Structure formats: C-alpha cells, structure tokens
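In case you want the letters, here they are:
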Amino acid sequence: MEWLTIGELASRAGVATSALRFYETKGLIASKRTDGNQRRYPRATLRRVALIRAGQEVGLSLGELSTALERLPHDKTPTKRDWERLSKSWRSRLDAQIEELLALRNELTDCIGCGCLSLKSCAIFNPDDAASDLGTGPRYLLGDSRDSVAADT
C-alpha cells in the first residue's frame, strides 16, 4: 500500500493541510501515525478528499458527507460505481436545493425591480411586514404564497 504524508496529500488534493486535519477530526478521512507521530494517509484518501470537495461544492453538509463516506471502503480507492451510488442518493436533495435557488433568483428579480430592496417595508410584496405572520425567515423565498398574507389582511 502506498502512503502519503499530509503535505503530499494536501498538494495532490489541492487543499490545505489544516483542511485535512479538520476532515480527520470529523471522521471523514483517517491516517496512521509513524513512530515519530507523523500522519500517513493511504493513497485512496485522495479520492475520498475529492468526494468531500465535490460534495461541499454542491452544498452538502459535513454530516451528509460523513454518512455517504461511511458506505465507502477506507482502505481502497472508491470506484466509479461507488460515486454513482453516492451521487444518486444526493439527487433529490440537490433537486430541492436547485428549486430553492431558482425561487431565490426569481424573487430577487422581483424585489430589485420594485427598487426598495427592503422586504420589511416593501409596500408591494410585504406591506406592513405582513409576511412576518407566516413565521421567521424569508417567507416568500421559502415558498409561502403572497396570497396567504393578502387573505389575512
């Protein structure tokens, strides 16, 4: 088995050594220690780090990544089939995220179009901050209907 130092792994994976130590504290990757207490990573860790980075890029949480990586072998390189299985399990989560981003984009266009840039005092989309009755956060971006506020007022 080929082993990499933390510096070699960081360089080849394109991440900082501090990121690798962080991933290790979260249980996403594992190392062995030499007699001199230096970290050594199996070469297969390169692919695990690539999976972590890809998952982070699409907005997956470390918890979601941890759950996914538990299904992979620690001592060998994940295969294309492993990646296909993991990515399929994320599909519905990513589809929901895409829908949220599209709604955000569309609502921001409406908001910027009115010129006030303030949902709290917006006379068109949120008069008298009526949306606050629906709960906390950006209610319209979370899918609440503007009609439900109008019906209550």
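These notes cover the structure that comes with them.

Each value, and the rule that gives it
- Residues numbered from 1 in each chain as written.
- Predicted model: local features only at pLDDT ≥ 70, side-chain atom pairs only at ≥ 80, totals over all residues.
- Heavy atoms only, no water.
- Helix = DSSP H or I, 4+ residues; strand = E, 2+ residues; numbered from the N terminus.
- Buried < 20%, exposed > 50% of the residue type's maximum accessible area, 1.4 Å probe, protein only.
- Contact = heavy atoms within 4.5 Å.
- Pairing = 2+ DSSP bridges.
- Arc of directions from axis to C-beta.
- Core = buried A, V, L, I, M, F, W, Y, C linked by side-chain atoms within 4.5 Å.
- Salt bridge = Lys/Arg side-chain N within 4 Å of Asp/Glu carboxyl O.

For the rest of this paragraph, the subject is the overall build of the chain. On a plain count of helices and strands, the chain comes out with 6 helices and 3 strands. Taken from the N to the C terminus, the helices and strands of the chain come in the order β-α-α-β-β-α-α-α-α. Residue burial in the chain is summarised as follows: out of 153 residues, 27% are buried. Intrachain contacts of the chain at a sequence separation of at least 6 include 48% that bridge at least 24 residues.

This part takes up the pairing of strand 3 (residues 39–42). As defined by bridge partners, strand 1 (residues 3–5) adjoins strand 3 across 3 bridges and the pair is classed as antiparallel. Considered in strand 3, the bridge of Leu4 is made with Tyr41. Where strand 2 (residues 32–33) and strand 3 come together, 2 bridges link them in antiparallel fashion. Along strand 3, the bridge assignment pairs Arg33 with Arg39.

Of all the positions in helix 2 (residues 17–25), only Leu20, Tyr23 and Glu24 are classed as buried. Buried residues in helix 2, looked at end-on, bunch into an arc of 100°, giving them a common side. On its buried side, helix 2 packs onto helix 1 (6–13), strand 3 and helix 3 (45–57). Gly27 lies just past helix 2 and shows a positive phi near 80°.

Leu20, Tyr23, Ile29, Val49 and Ile52 are the most contacted members of the largest nonpolar core, which totals 22 residues. Apart from the residues lying within four places of it in its own chain, the contact partners of Leu20 are Ile6, Leu9, Ala10, Val15, Ile29, Tyr41 and Val49.

Counting across every chain of the model gives 4 salt bridges. The partner of Glu24 in a salt bridge is Arg39, with the nearest N and O atoms 3.0 Å apart. With a gap of 15 residues between them, Glu24 in helix 2 and Arg39 in strand 3 connect regions that are remote in the sequence. A salt bridge links Arg85 to Asp82; the shortest N-O distance between them is 3.4 Å. Here Arg85 pairs with Asp82, and both are found in helix 5 (residues 80–114), just 3 residues apart, close to one helical turn. For Arg85, a relative accessible area of 37% puts it in the partly exposed group. A relative accessible area of 11% places Asp82 in the buried class.

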